[in-house]
Amino acid sequence: MVKISVTDLAGQTSTIEAEIGLSLMENIRNNDFDDLAAICGGCCSCCTCHVFVDADDVEQLPKMEDDEQFLLEDSENYDPALSRLSCQIEVDDSMSQLRVTIAPEA
Ligand code: FES
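Notes on the structure follow. Please read all numbers here as calculations on a predicted model, not as lab measurements. (Residues numbered from 1 in each chain as written. Predicted model: local features only at pLDDT ≥ 70, side-chain atom pairs only at ≥ 80, totals over all residues. Heavy atoms only, no water.)

Across its full length, the protein chain holds two helices and five strands. Computed over its C-alpha atoms, the radius of gyration of the protein chain comes to 12 Å, within 12% of the 13 Å expected for a compact globule of 106 residues. The burial tally for the protein chain puts 40% of its 106 residues in the buried class. Considering only contacts within the protein chain whose residues lie at least 6 apart along the sequence, 64% involve residues at least 24 apart. (Helix = DSSP H or I, 4+ residues; strand = E, 2+ residues; numbered from the N terminus. Rg over C-alpha atoms; globule rule 2.2 N^0.38 Å. Buried < 20%, exposed > 50% of the residue type's maximum accessible area, 1.4 Å probe, protein only. Contact = heavy atoms within 4.5 Å.)

What follows is the structure, given as structure tokens:
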């Protein structure tokens with residue numbers, strides 16, 4: 001388990017105990033954040049698991065694949081520096097103290 005801070009659409013930040021090996025999306029959903037729709041269930045086809053990663057934490061994440069990039073670029077609130085699809089990030093023990101904010105259309 002690692003601690004990850006998640007800010008919801010109302011601006012409220014909570015720290016969750018994230019399970020290593022699950023995606024960031026699964027961990028957020030497992031902690032009852034209704035703001036994250038994740039409609040496709042993690043198949044990288046809906047963009048409703050969009051999060052903004054804190055600028056200081058972006059570099060610690062694995063680089064995104066092309067399909068994630070294409071989906072995000074079509075997103076209304078895409079931020080080239082901070083946007084990620086949370087279903088495409090597998091939580092590992094290097095992500096302790098990661099901070100993310102759920103994107104408005106997620
Ligand atoms: S849950 Fe659909 S792209 Fe992530």
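There is more to say, and it comes next.
It is worth spelling out the pairing of strand β2 (residues 13-18) at this point. Taken together, the six bridges between strand β1 (residues 2-7) and β2 define a ladder with antiparallel strand orientation. Within the sheet, the bridge partner assigned to T7 lies in β2 and is T13. Counting the residues between successive antiparallel strands, the hairpin from β1 to β2 contains five residues, one of them, G11, with a positive phi of roughly 90°. (Pairing = 2+ DSSP bridges.)

So, on to the sheet that holds strand β5 (residues 98-102). The strand order β2-β1-β5-β3-β4 describes an open sheet built from five strands, whose pairing is mixed. The open sheet is flanked by β2 and β4 (83-85), the only strands paired with a single partner. For this sheet, the mean angle separating the axes of adjacent strands, direction not counted, is 35°. With three bridges joining them, strand β3 (residues 50-53) and β5 adopt antiparallel strand pairing. When the bridges of β5 are listed, V53 appears paired with V100. (Axes fitted to C-alpha atoms, helices over the stretch in contact; angles between N-to-C directions.)

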